[in-house]
Amino acid sequence: MDIADVASDLSQALYSDQQIQDRIAQLATQIDADYADRADQDLILVGVLNGAVMVMADLARKLKTHCQMEWMAISSYGSGTTSSGVLRPLKDLSVDVTGRHILVVEDIIDTGLTLSYLVDNLRSRGPASVEVMTAFRKPEAIKCPVDVKYVGFDIPAQFVVGYGLDYAGRYRNLTGLGVLDPKVYAQG
């Protein structure tokens, strides 16, 4: 789905599919360089469901570094437009990460609460390293700072949809990123 297909639902288009793909390619190049000396073991990409599906797939395809893909799910939203602040673990890893290099792949960092919880949880399992990559970050909304090594784009503290980010299950398949017009969620 393209931005033009839902233009009436958006108050602003932020990034096109091409801009996002170009930035993910740049980040993949940087990640490849950073993990080049660790070729003795595959990098474990830990995607945060459901939003990170798009960025995880695109990043993994652009990497030249061997990697394993794992998934975790931790919810802090529900169907609203702001974080509830209550974390619910929904799915855990299926591999032991002791002594392994982990790259957490996020779609967006909003308050940082979910990511902080996740990074602390992963570090408690004895990995060699834990780094974070996010497609989007809202610096003005962060309440719980977390070190993020790879950032696609810093965006305004508005409710955005597309590229894996949804509102009530919709817009995840939008290839670009846009600000959802408040009239859309005022109706619900």
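Structure: above.
Everything quoted here is computed from the prediction, not taken from an experiment. (Residues numbered from 1 in each chain as written. Predicted model: local features only at pLDDT ≥ 70, side-chain atom pairs only at ≥ 80, totals over all residues. Heavy atoms only, no water.)

Under the counting rule described, the total for this entry stands at six aromatic pairs. Where phenylalanine 136 meets tyrosine 163, the ring centres are 6.2 Å apart and the plane angle is 90°; that geometry is what we call edge-to-face. Of this pair, phenylalanine 136 sits in strand 6 (residues 129-137) while tyrosine 163 sits in the loop between strand 8 (160-161) and strand 9 (177-180), and the two are 27 residues apart along the sequence. Grouping residues by exposure puts phenylalanine 136 and tyrosine 163 together as buried. Note on tyrosine 167 and tyrosine 185: the rings are 5.9 Å apart at their centroids and 55° apart in plane angle, and the pair reads as tilted. Highlighted residues: tyrosine 167 in the loop between strand 8 and strand 9 and tyrosine 185 in helix 4 (residues 182-186), separated in sequence by 18 residues. Taking the relative accessible area as the measure of exposure, tyrosine 185 reaches 25% and is therefore partly exposed. Its end group placed over the ring of tyrosine 171, arginine 170 keeps NZ or CZ at 5.8 Å from the ring centre. (Phe/Tyr/Trp six-rings, centres within 6.5 Å; stacked < 30°, edge-to-face > 60°. Helix = DSSP H or I, 4+ residues; strand = E, 2+ residues; numbered from the N terminus. Buried < 20%, exposed > 50% of the residue type's maximum accessible area, 1.4 Å probe, protein only. Lys NZ or Arg CZ within 6 Å of the ring centre and 35° of its normal.)

The N-to-C vectors of helix 1 (residues 17-34) and helix 2 (residues 53-62) enclose an angle of 55°; their axes lie 9 Å apart at closest approach. Taken together, helix 1 and helix 2 sit at an angle that is classed as oblique. Considering how the two elements wind past one another, helix 1 and helix 2 form a crossing that is right-handed. Where helix 1 approaches helix 2, its residues Gln21, Ile24, Ala25, Ala28, Ile31 and Asp32 are matched on the opposing element by Val55, Asp58, Leu59 and Lys62. Grouping the constituent residues of the contact of helix 1 with helix 2 by class yields six nonpolar, one polar and three charged. (Axes fitted to C-alpha atoms, helices over the stretch in contact; angles between N-to-C directions. Parallel < 35°, antiparallel > 145°, perpendicular 65-115°, else oblique. Left-handed = near helix turned anticlockwise from the far one by under 90°. Contact = heavy atoms within 4.5 Å. Nonpolar A, V, L, I, M, F, W, Y, C, P; charged D, E, K, R; others polar.)

Turning next to the sheet that holds strand 6. Taken in spatial order, the six strands make up an open sheet running 4-3-2-5-6-7, and their pairing is mixed. Strand pairing shows two members of the sheet lacking a second neighbour, strand 4 (88-91) and strand 7 (150-154), which therefore form its edges. Strand-to-strand twist of the sheet, defined as the mean angle between neighbouring strand axes without regard to direction, takes the value 25°. Against the sheet, helix 1 touches strand 2 (43-49), strand 5 (101-109), strand 6 and strand 7, its axis set at about 160° to strand 7. (Pairing = 2+ DSSP bridges.)

Relative to the elements of secondary structure, glycine 152 occurs in strand 7. Filtering out sequence-adjacent residues up to four positions away, glycine 152 remains in contact with Arg23, Leu27, Thr134 and Ala135.

By size, the foremost hydrophobic cluster in this structure holds 30 residues, and its most contacted members are Ile31, Leu59, Leu103, Met133, Phe136, Ile155 and Leu177. At the level of elements, strand 1 (10-15), helix 1, strand 2, helix 2, strand 5, strand 6, strand 7 and strand 9 are the ones that each hand at least two residues to this core. If one sorts the elements of this core by residue count, helix 1 sits on top with five residues. Discounting chain neighbours no more than four positions away, the residues touching methionine 133 are Ile24, Leu27, Ile31, Val55, Leu59, Leu103, Val104, Val105, Glu106 and Tyr150. Listed in part, the 18 residues of the second largest apolar core include Leu93, Leu115, Leu122 and Val151. (Core = buried A, V, L, I, M, F, W, Y, C linked by side-chain atoms within 4.5 Å.)

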